Amino acid sequence: MRYIRKRVLSAFLAVFLAAGLLVHPLLSLAAASWQVVPEEEKIPLATGVQYSAYQITAPGYKEAVKVLTIDPRDRFTVMETVLSHGNLALDLERPTAMAARLAREGKAAVAATNGDFYSTRAPYLPIGLQISNGELLTSPQGFPALGLTGNKEVIIGTPVMAAYLEVTREVPEKDGSVARVVYTYPIAHVNRERGADMLVLYTPAFAASTGTNDYGTEIILQGLDLPVKAGRTYTGVVAARIDDKGNNPIPPDGVVLSGHGKAQEFLKQLHAGDRVSFTIRFTDTRWHDVVQAVGGHEIILQNGQVVLPANSTDPLVRSRHPRTAIGVTKDGRLEIVVADGRQPGYSQGMTLYELAAFMQARGIVAALNLDGGGSSVLAARNAGEYDLSILNKPSDGQERPVTNGLVVFSTAPRGRLSRLYLLPEAIKVYRGSKVQFSLKAQDNYYNPAPVPAGVNWQVRGNVGRFISPGLFQADNPGQGEITARIGEIKATAGITVVDKVYRLEIAPAIATLQPGAVQQFTVTAFDAGGNKIYVDSSLYRWTVSEGLGRFDPEKGQLVLAGPARNAWVKVRLGDREAVAAINPALELALEGRPVAGQEVTLVVRQNGAPVAGAAVQQVQPATTWGRVTARALYVRTGPGTGYKAITLVPAGYRLAVLARLENGWLQVRLPDGREGYCSGKYVAVQEGSLDLGRTDAQGKIRFTAGVAGSYSFVAMKEGFLQAELDLVFNEK
């Protein structure tokens with residue numbers, strides 16, 4: 001996590017997963033060879049929120065995992081489940097945007113993550129239960145959920161709703177008395193799509209209207225004590241009944257009861273002015289006390305044990321993917337785990353078995369798998385900052401909009417200045433460079449705080465000096481320490497000054513430009529260990545090919561003046577140099593003699609070096625054609641010898657091949673435009689516009705000309721000018 005000094009253990013820690021905790025054979029296999037190193041552990045984000053980051057390694061496996069630990073009993077910590085833009089049906093929203101939208105003075109966003117699996121088409125509904133601040137937003141439909149009660153207790157289970165509509169009618173008896181008869185009909189869902197014979201309750205949280213079709217009846221019910229919560233009965237007045245017309249507006253102060261089939265017939269007994277009641281309950285009454293709930297796809301831990309099927313064939317279980325899960329420890333703390341994936345060399349992802357093993361080893365006793373893949377994200381506020389930053393690396397390359405999320409807020413008051421953080425916290429600098437250090441501050445509640453005036457800047461070690469507040473001039477090689485102090489509170493940062501670099505890297509290393517194009521180049525310096533070295537841009541020395549264009553060395557910016565041609569931009573620091581190729585041209589050549597029927601090798605190079613991964617195509621002949629190899633060949637009206645002959649053509653005759661038939665015959669076109677059929681046994685065919693594939697590590701690819709004649713090839717690769725080659729293949 002940025003801005004906080006990492007506490008990295010000097011040696012890998014073996015996970016104790018194989019030490020009797022696991023009984024699942026797949027889990028033991030997955031975890032036995034794991035080694036885990038904490039990159040950052042128990043970094044406080046708020047009074048009741050901590051952040052940790054881990055790297056897991058095993059032979060052929062790397063994984064990056066982020067963990068958010070939440071104490072729901074902390075008096076300043078609030079966790080909420082949040083809807084995209086405050087409605088269920090019409091839009092998606094990034095979790096960081098959800099957090100920013102709901103934050104306010106006295107309620108600061110601390111962290112956010114994605115929530116439940118959801119429909120990828122409108123309405124964008126989560127698959128499971130969602131309750132936010134006590135309001136029932138979506139009813140469950142067989143999937144598990146996690147709930148947080150008003151007493152800060154955590155429930156993980158599969159809730160079942162038992163809701164119904166109740167209508168009371170006075171029915172005259174034969175003796176003249178009046179009997180009160182109660183009719184009920186089950187409510188199938190709250191804020192979900194209506195199906196056959198279903199009665200569905202739509203609340204203002206769904207959308208502006210129900211989105212239903214015209215094959216039903218809808219009752220507008222008003223005069224209720226909203227919002228709708230579980231464990232309660234609501235009584236309202238029918239404002240209107242609308243038959244055979246769907247997608248009716250949902251009043252902001254009411255609800256809509258929508259019925260189809262049998263449910264529609266039930267609703268047709270109601271009229272404007274009628275008073276009706278509905279009850280929303282769960283079969284497990286513990287869920288009536290839940291104030292925040294989010295659904296998921298699988299429970300992966302229950303009562304401290306793994307509850308995944310041992311031999312699941314579901315690829316979402318067995319395959320490695322980015323993951324988000326939430327669980328509860330024995331002492332009641334919540335943990336949100338985000339595992340990155342689909343990024344070879346950084347993080348491959350986790351199976352659900354591996355995720356369960358990791359969470360179980362952390363002491364989590366019950367856990368729920370949330371949405372994963374490109375949705376997996378963990379954002380939090382860095383020390384001294386007000387806005388959230390993405391702490392993991394989402395597989396999409398950016399945070400994905402989703403239908404709901406989990407957001408953690410802090411209601412802690414503003415306190416006294418307590419901590420300072422220097423940025424950068426450690427840096428390696430090239431001699432002669434200037435570094436601007438900045439300072440972030442927190443109060444005693446971990447809230448970001450303004451940095452007071454009068455910061456005292458000091459440097460220990462003869463490596464340089466401050467030439468203005470926070471601006472450090474690196475003068476001499478060596479190691480030092482930067483200190484920023486306000487009264488008794490201070491922050492330190494390590495600094496190393498060097499006078500040599502091991503390697504320079506220029507980006508982009510290849511640029512394909514047109515005249516007048518503007519290209520920005522950046523340079524990064526590295527030491528022998530691959531660590532970055534900060535260098536002032538003014539210290540680099542740039543040169544460009546003669547006549548290439550205007551180059552601004554302060555900005556590292558090229559404006560191409562002449563035509564596209566093979567040129568270069570070079571940058572030098574000390575005795576190290578990096579080169580960027582401008583409009584580099586590929587070269588395409590032939591190895592061997594161009595003889596029809598014999599395999600030859602095409603080679604792609606650039607400046608004499610082989611180019612791997614270049615796409616090579618045969619572009620001429622553009623259409624498939626053939627040469628007759630028999631002394632004479634009949635062209636017939638159909639694909640067989642029983643069809644009438646159109647003409648007899650001699651050996652060497654050229655035919656355009658229109659199609660290859662399953663019986664080995666060819667559909668062909670004669671030079672005069674007539675079409676017919678001939679036996680493919682007596683025709684050497686050359687495919688037209690043929691993709692040969694991509695070159696191997698030696699820049700090579702194979703080709704065989706089926707018939708003699710002229711051929712043209714092109715070689716292409718992103719960032720390079722394409723190469724062309726014309727050849728004439730002769731008979732053997």
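Above this text sits the structure in question.
Let me begin by describing the structure that accompanies this report. (Residues numbered from 1 in each chain as written. Predicted model: local features only at pLDDT ≥ 70, side-chain atom pairs only at ≥ 80, totals over all residues. Heavy atoms only, no water.)

1. Looking at helix H5 (residues 352-361)
Residues separated by three or four positions in an α-helix point in the same direction, a consequence of the helix having 3.6 residues per turn. For the record, the criterion: Throughout this description, buried means an accessible area under 20% of the type-specific maximum (1.4 Å probe, protein chains only), exposed means over 50%, and partly exposed covers the range between. For the purposes of this entry, the term helix denotes a DSSP run of H or I that reaches at least four residues, the term strand denotes a run of E that reaches at least two, and both are numbered from the N terminus.
Counted residue by residue, H5 has ten buried out of ten residues, so it is predominantly covered. Leu352, Tyr353, Glu354, Leu355, Ala356, Ala357, Phe358, Met359, Gln360 and Ala361 are the residues of H5 that are buried. Following H5 by one or two positions, Gly363 has its phi on the positive side, about 90°.

2. Here's the deal with the sheet that holds strand S25 (residues 378-381)
To keep things clear, this is the line we draw: At least two bridges found by DSSP between two strands is the condition for calling them paired. Here an axis means a line fitted to C-alpha atoms, over the contact stretch when the element is a helix, while the angle between two N-to-C directions is reported on a 0 to 180 degree scale.
Judged by pairing direction, the sheet is antiparallel, and its five strands sit side by side in the order S5-S27-S6-S25-S26 without closing on themselves. Taken across any chain shown, the strands that pair with only one partner, and hence form the sheet edges, are strand S5 (77-83) and strand S26 (388-390). When the angles between neighbouring strand axes are averaged without regard to direction, this sheet yields 25°. With three bridges joining them, strand S6 (residues 108-114) and S25 adopt antiparallel strand pairing. By the bridge assignment, Ala112 is partnered in S25 with Ala379.

3. Some thoughts on the pairing of strand S44 (residues 549-552)
In regular strands, side chains alternate between the two faces of the sheet. Summarising the sheet, S44 and strand S45 (residues 557-560) pair through four bridges and their orientation is antiparallel. Bridge pairing in S45 places Gly549 opposite Leu560. Here S44 hands over to S45 after four residues, with Gly556 in that stretch at a positive phi of 65°.

4. Observations regarding the pattern of salt bridges
Applied cut-off: When a carboxyl oxygen of Asp or Glu lies within 4 Å of a side-chain nitrogen of Lys or Arg, that pair is called a salt bridge.
Considering all chains together, one arrives at 27 salt bridges under this definition. Among the ionic pairs, Asp243 bridges to Arg241, the shortest N-O distance being 2.9 Å. The class of Asp243 is partly exposed, set by a relative accessible area of 29%. Here Arg669 ties to Glu675 by a salt bridge, and the two come within 3.3 Å at their closest N and O atoms. In this structure Arg669 comes out as partly exposed when scored by relative accessible area, which is 34%. A residue is classified by how much of its surface remains accessible, and Glu675, at 42% relative accessible area, is partly exposed. A single salt-bridge network, built from bridges that share partners, covers Asp71, Arg73, Asp331 and Arg333.

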